[in-house]
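# Fold and contact review
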2 protein chains.
Amino acid sequence: MKAEKISELTTNRLSIYLRCLLELRSEGQSTVSSAALAKRFHLNSAQIRKDLAYFGEFGIRGVGYYVDTLIDNLRTILGLDHDHNVCIIGSGRLGTALADYNGFRKSNFSVKALFDADAKKIGKKVGGAEIFDIKNFQSVVKRNNIDIAVIAVPADSAERVLELVAKAGIKAVMNFAPVPLKASDHLKVRTVDLTTCLESLSFFLAGTESINGSGLKPKRNTRRKR
Amino acid sequence: MKAEKISELTTNRLSIYLRCLLELRSEGQSTVSSAALAKRFHLNSAQIRKDLAYFGEFGIRGVGYYVDTLIDNLRTILGLDHDHNVCIIGSGRLGTALADYNGFRKSNFSVKALFDADAKKIGKKVGGAEIFDIKNFQSVVKRNNIDIAVIAVPADSAERVLELVAKAGIKAVMNFAPVPLKASDHLKVRTVDLTTCLESLSFFLAGTESINGSGLKPKRNTRRKR
DNA sequence: TGATGTGAAGCGGTTCACAGCC
DNA sequence: GGCTGTGAACCGCTTCACATCA
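Now for a quick tour of the structure. Just so it is clear, the model here is predicted, and its values are computed rather than measured.

A few words now on the overall build of chain A. A count of helical and extended segments in chain A gives nine helices and ten strands. Within chain A, contacts between residues separated by at least 24 positions form 54% of all contacts whose residues are at least 6 apart in sequence. For chain A, the exposed surface amounts to about 11200 Å²; the carbon and sulfur share of it is 51%.

Assignment of secondary structure puts N12 of chain B in helix α1 (residues 8–26). Each C-alpha atom, one on N12 of chain B and one on L78 of chain B, is 9.8 Å from the other, the two residues being 66 residues apart in sequence. In this view, N12 of chain B contacts T196 and S200 of chain A together with R190 of chain B; residues no more than four positions away in its chain are not counted.

With that out of the way, let us pick up the pattern of salt bridges. Within this structure, the stated rule accounts for 18 salt bridges over all chains. As a salt-bridge pair, R19 of chain A and D193 of chain B come within 2.7 Å of each other at their nearest N and O atoms. Taken together, the positions of R19 of chain A in helix α1 (residues 8–26) and D193 of chain B in the loop between β10 (188–191) and α9 (194–212) put the pair across two chains. With a relative accessible area of 14%, D193 of chain B lands in the buried category. With a shortest N-O distance of 3.4 Å, D100 of chain B and R93 of chain A are connected by a salt bridge. Of this pair, D100 of chain B sits in helix α5 (residues 93–100) while R93 of chain A sits in helix α5 (residues 93–100), which puts the two residues in different chains. The exposure class assigned to D100 of chain B is partly exposed, which follows from its relative accessible area of 26%.

This part is about the protein's contact with DNA strand D. Inspection of the region around DNA strand D gives 26 residues, with R13 and R61 of chain A together with S34, R49 and Y65 of chain B positioned closest. Put simply, 63% of the atoms of DNA strand D that lie within 4 Å of the protein are in sugar or phosphate. In the model, a phosphate oxygen of DNA strand D is placed 3.4 Å from a nitrogen or oxygen of the N44 of chain A side chain. Taking Q47 of chain A, its side chain carries an N or O atom lying 2.9 Å from a sugar or linking oxygen of DNA strand D. Counting residues per element, the ones that place at least two in the surface near DNA strand D are α1 and α3 (45–53) of chain A together with α3 (45–53), β2 (59–60) and β3 (64–66) of chain B. Examining the composition of the surface near DNA strand D, we find that four residues originate from one element, α3 of chain A, more than from any other.

In this section: the packing of α1 of chain B against helix α4 (residues 67–77) of chain B. Residue and element names in this part refer to chain B. Their axes nearest at 10 Å, the elements α1 and α4 cross at an angle of 150°. The angle between α1 and α4 places the two elements in the roughly antiparallel class. Between α1 and α4 lies a crossing whose hand is left-handed. Note on element contacts: α4 touches α1 through V67, D68, L70, I71, L74, R75 and I77, opposite L14, Y17, L18, L21, L22 and R25. Residues of the contact of α1 with α4, tallied by class, amount to ten nonpolar, no polar and three charged.

Bringing the layout of surface pockets into the picture now. For the largest pocket, the calculated volume is near 1900 Å³. Of all the elements in the fold, those that place two or more residues in the lining of the largest pocket are α1, β10 (188–191) and α9 (194–212) of chain A together with α1, β10 and α9 of chain B. Here the lining of the largest pocket takes seven residues from α1 of chain A, the largest share from any one element. In this structure, the second largest pocket encloses a volume near 1200 Å³. For the second largest pocket, the lining is made up of 49 residues, of which V153, P154, A155, A177 and P178 of chain A are closest to its centre. Breaking the lining of the second largest pocket down by element, the ones donating at least two residues are α5, β5 (109–116), α8 (155–167) and α9 of chain A together with α1, α2 (34–41) and α6 (102–105) of chain B. Per-element tally for the lining of the second largest pocket: the top contributor is α8 of chain A, with eight residues. Each residue belonging to the lining of the second largest pocket can be placed in one class, and the counts come to 24 nonpolar, twelve polar and 13 charged.

Right, let's get into a nonpolar patch on the surface. On the surface, I60, V63 and Y66 of chain A cluster together into a nonpolar patch covering about 250 Å² of accessible area. In this fold, I60 of chain A is placed in strand β2 (residues 59–60).

Quick look at the environment of C87 of chain B now. Residue and element names in this part refer to chain B. Its location among the elements puts C87 in strand β4 (residues 84–89). For C87, a relative accessible area of 0% translates into the label buried. When the C-alpha positions of C87 and I71 are compared, they lie 27 Å apart, and in sequence the two are 16 residues distant. Not counting residues within four places of it along the chain, the set of residues in contact with C87 comprises A113, F115, F137, I146, I148, A149 and V150.

Cut-offs used in this document
- Residues numbered from 1 in each chain as written.
- Chains lettered and ligands numbered in written order.
- Predicted model: local features only at pLDDT ≥ 70, side-chain atom pairs only at ≥ 80, totals over all residues.
- Heavy atoms only, no water.
- Helix = DSSP H or I, 4+ residues; strand = E, 2+ residues; numbered from the N terminus.
- Contact = heavy atoms within 4.5 Å.
- Areas by Shrake-Rupley, 256 points an atom, 1.4 Å probe, with all protein chains shown as cover.
- Salt bridge = Lys/Arg side-chain N within 4 Å of Asp/Glu carboxyl O.
- Buried < 20%, exposed > 50% of the residue type's maximum accessible area, 1.4 Å probe, protein only.
- Near = heavy atom within 4 Å.
- Polar contact = N/O pair within 3.5 Å; in protein donor to acceptor, adjacent residues only side chain to side chain.
- Axes fitted to C-alpha atoms, helices over the stretch in contact; angles between N-to-C directions.
- Parallel < 35°, antiparallel > 145°, perpendicular 65-115°, else oblique.
- Left-handed = near helix turned anticlockwise from the far one by under 90°.
- Nonpolar A, V, L, I, M, F, W, Y, C, P; charged D, E, K, R; others polar.
- 1 Å grid on protein atoms, 1.4 Å probe; cavity = no way out; pocket = protein on both sides within 12 Å on 5 of 7 lines; lining within 4 Å.
- Points joined across faces, edges and corners; volume = space filled by probe spheres on them.
- Patch = residues over 30% accessible without salt bridge, like charges linked within 9 Å, V, L, I, M, F, W, Y side chains within 5 Å.

Listed below in structure tokens is the structure:
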């Protein structure tokens with residue numbers, strides 16, 4: 001049986017839809033049409049309908065969607081109808097910040113453990129979770145029913161850590177190390193690459209400078225033919 | 001003059017290529033072919049060539065690319081041939097973690113200031129940068145030549161902060177608030193949405209459970225026709 | 001009437017495959 | 001011979017437009 005052939009883009013949008021619907025519900029709305037949802041949150045109505053229709057017929061023609069039931073359905077689809085236990089590998093600046101970060105603690109995700117190789121850190125607590133020795137990775141993962149791993153180690157350790165994660169049977173990984181880890185079919189990796197993100201912004205800035213400045217393209221030796 | 005019609009996907013890849021080339025250089029390689037680069041880092045050779053060719057003819061047929069000169073060219077293209085000054089708005093857990101985070105301090109990006117509305121925080125130092133009152137945003141930005149803003153405030157303040165950022169003339173924004181901020185032509189926003197990322201992983205996990213478990217799809221009321 | 005669900009068209013990005021050049 | 005640069009084919013996602021149904 002194929003895992004799923006629903007693109008990451010779609011699942012990301014489902015998450016956004018859920019968030020939007022929660023906002024609407026908090027405002028007391030009980031139904032919403034795809035058009036209204038789209039206008040309110042700068043989305044595309046056809047895309048909303050298509051994304052949702054992939055999982056069932058949740059809407060009512062002439063009416064729209066019931067906010068409450070659509071929220072329930074999205075939560076089920078996204079696997080948010082049960083809790084997820086998260087571990088963070090690497091308790092440097094980023095790792096501890098993430099452990100402490102509210103976004104991870106809210107909703108259905110709770111950080112159950114951190115890991116490090118540095119003996120001085122082991123045993124300390126960060127945001128309610130203990131730092132364990134990476135040597136005990138597998139047993140701590142099993143004991144705490146951890147199903148999501150966050151990789152927050154330096155680039156050169158990331159590959160090795162991923163193997164460890166895979167061996168422990170974890171199937172979902174959020175990777176903050178600036179390396180393109182290759183996922184297998186049974187292990188999904190989402191890489192959040194802050195450096196790439198910044199450099200991409202820098203590229204954009206380099207382009208705007210030429211607009212505000214001389215009108216020349218930024219200096220690039222870019223004669224098409226030499 | 002059009003800003004650029006180069007996709008975000010392309011610029012992200014340019015950043016990756018640069019990183020890969022730096023690694024090759026540190027290993028003493030002086031030339032590399034697109035095929036070798038692709039194989040080594042799990043990329044696609046045609047895509048590498050196409051991405052690079054967009055900016056000039058950097059390669060030599062029969063040889064490949066000179067690592068050194070390609071690095072220089074990529075740095076120029078990405079606007080990394082000069083420094084960028086970054087500010088972080090919101091000095092909560094995430095904001096301070098980012099200020100402290102090495103990834104932001106390395107290379108050409110340096111965090112020059114943080115901002116907050118909480119009087120108790122103002123004046124404190126985080127990772128070498130001071131926390132300023134958000135009221136003085138514009139003047140601090142000007143004084144420090146800040147050209148990139150990181151938004152690390154709660155969702156409900158993000159929109160308001162973005163206006164402030166735009167008004168101060170900043171054109172590049174990295175957004176960690178879970179809201180789809182809409183960028184204008186002159187202001188580029190990159191949103192890093194950790195919640196969406198996690199929920200997308202959760203979706204994937206919900207799908208794999210059916211494989212390991214009963215063979216049934218995860219419980220969704222997904223009869224196509226009712 | 002009003003909004004969904006969906007085939008079809010459109011579009012952008014990726015990959016192929018090869019002519020052209022070193 | 002080897003590898004780049006690039007038109008063309010391909011593929012997948014997005015958007016359109018409308019038949020369908022409450």
